Structures are given as C-alpha cells and as structure tokens.
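# Per-entry structural report
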Amino acid sequence: MKTVVTPCSFWSKCSRPLAPNISLYCFLALPSIMFRRATTILSRVVRQAGEPSSALAMGLGRLNHVAIAVPDMQATMKMYREVLGAKVSEPFDQKDHGVTTVFIDLGNTKIELLHPLGEKSPIQNFLTKNPSGGIHHVCIEVDDIHAAVKRVSEQGLKVINPVPKIGAHGKPVVFIHPKSMNGVLVEFEQK
C-alpha cells in the first residue's frame, strides 16, 4: 500500500517511515507546501480583481521566512546547528510581541523559531494546542504594506492587525487570519 503525504496527513505519516530520513524530508517539505497554498490564495485574490496591476500595487514578493513555534528553544537551536549544520542566530527577546526569536539562515530564505516570552504570549497559546510545536506562520514580503492591507481587505480577507506593527526585522508587519488563507497564518512584511 502506497502512502501519500498531504498537508493534512503530514505529521501522522512521518511517524511511520516510508524511506530513510523521511521525517527530515517531511519537516523540510512542509514549509514549501504551506507557502504554495498561501501564494495560490493570494494569486486568486489578485486574479478575481481582474486588474493585472493590482499585484504590482501590493508588490507581492518572496518568501521571507517560515515561523515554527518550539517548546524547547535551546534543543531546537542545537539540532539545526549541530545536526543540520545551519547558521543559527542568537535568541532575541521581543517583549512587545511576547516571543523570543531565533533565525536560521537557509541562503534563499529563513526559518524563524518562536518561543513564548511571558504568560500572555500568543506562542504559549499555540504550544498549549500543539505541545510538540509546529509551523506557526509564513511571511511574504510586500513592496507596500499599506497597499497590501487595503487590497486584501477589499477582497474580504481578514487582517488581524490592520495597523502595521514593527516585526522581528525592524520592519512593519501585518497578519492575515488563517480562516481567510485556507488555515495558514500569513504575515506580510514591508520589503
């Protein structure tokens, strides 16, 4: 019997090895699957408007990072640094957002590790529901964050924070609700 790994069955299939290192393959493949889902939805929003220039107005850009909530920051940093040989930043506390972040440089994009900081951390809520951790959001760069907020709002997508906040890279960010994005929390970050 052949097992097909889909985003819905992703984690459950990884626990039953299909080939050597399949768990690592699945872990690294899921961000790509989620990014394709999110960008497909955004492309559909642009196409529905019927204006080719609307994509240019938003300036939808590259994948900036995939954020993963982790229950043990030090163990996860060690795994990426020592097992996978990745470039791992030092932890940075973001008190305004209630998280500690670490960035893993992959050359063409990054992975952002998120760990709760304080009792009111939104990441703590995520880890309560997902004790092993997991993908929290994907971040896509945009040329004009205000145009992006306006564009997706006009098309009926729910923007969680319509007024941009300063994110981990010191640039304005907004989040699009997962219910508007097929279950994926999407962050827009100003280029």
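In this report, the structure presented in the accompanying data block is examined. Just so it is clear, the model here is predicted, and its values are computed rather than measured.

### Concerning the overall build of the chain
The secondary structure content of the chain amounts to six helices and nine strands. Restricting to contacts in the chain with at least 6 residues of sequence separation, those with at least 24 account for 56%.

### Some details on helix 5 (residues 122-129)
Turning to helix 5, its buried residues are Ile-123, Phe-126 and Leu-127. Taken end-on, helix 5 shows its buried residues confined to a sector of 95 degrees, consistent with a single buried face. Facing away from the buried side of helix 5 by more than 90 degrees, the exposed set consists of Thr-128 and Lys-129. Lining the buried residues of helix 5 we find strand 1 (60-69), strand 4 (99-105), strand 5 (110-116) and strand 6 (134-142). Two or three places before Ile-123, at the start of helix 5, stands the capping residue Ser-121, its side-chain oxygen 3.1 Å from that residue's backbone nitrogen.

### What to know about the pairing of strand 6
Counting buried residues along strand 6, nine of its nine residues qualify, which places the element largely inside the surrounding structure. Of the strand pairs in this sheet, strand 1 and strand 6 are connected by seven bridges, and their pairing is antiparallel. Within the sheet, the bridge partner assigned to Ala-67 lies in strand 6 and is His-137. For strand 6 and strand 9 (residues 186-190), the ladder comprises five bridges, and the chain directions are parallel. By the bridge assignment, Ile-140 is partnered in strand 9 with Phe-188.

### So, the side chain of Glu-189
Looking at the secondary structure, you find Glu-189 in strand 9. Despite its burial, Glu-189 remains without a salt bridge, the nearest opposite charge being carried by Lys-171 at 4.7 Å. Reaching out from Glu-189, the side chain makes a polar contact with the side chain of His-169 at a distance of 2.8 Å. Other than its neighbours up to four places away in sequence, Glu-189 contacts Asn-64, Cys-139, Ile-140, Glu-141, Val-142, Ile-145, His-169, Lys-171, Pro-172 and Val-173.

### With respect to unusual backbone geometry
In the Ramachandran plot, Asn-182 falls in the positive-phi region, its phi being about 55 degrees despite a non-glycine side chain. Assignment of secondary structure puts Asn-182 in the loop between strand 8 (172-176) and strand 9.

### Brief notes about the pattern of salt bridges
Counted by the stated rule, this structure contains three salt bridges. Arg-62 is paired through a salt bridge with Glu-141; the nearest N and O atoms lie 3.5 Å apart. Within this pair, whereas Arg-62 is found in strand 1, its partner Glu-141 is found in strand 6, the two being separated by 79 residues in sequence. With relative accessibility at 39%, the residue Arg-62 sits in the partly exposed group. For Asp-143, the salt bridge goes to Lys-191, with nearest N and O atoms at 3.0 Å. With Asp-143 in the loop between strand 6 and helix 6 (145-154) and Lys-191 in the segment after strand 9, the pair connects residues that are 48 residues apart, well separated along the chain. For Asp-143, a relative accessible area of 40% translates into the label partly exposed.

Rules behind the numbers
- Residues numbered from 1 in each chain as written.
- Predicted model: local features only at pLDDT ≥ 70, side-chain atom pairs only at ≥ 80, totals over all residues.
- Heavy atoms only, no water.
- Helix = DSSP H or I, 4+ residues; strand = E, 2+ residues; numbered from the N terminus.
- Contact = heavy atoms within 4.5 Å.
- Buried < 20%, exposed > 50% of the residue type's maximum accessible area, 1.4 Å probe, protein only.
- Arc of directions from axis to C-beta.
- Polar contact = N/O pair within 3.5 Å; in protein donor to acceptor, adjacent residues only side chain to side chain.
- Pairing = 2+ DSSP bridges.
- Lys, Arg positive; Asp, Glu negative; His and termini not counted.
- Salt bridge = Lys/Arg side-chain N within 4 Å of Asp/Glu carboxyl O.

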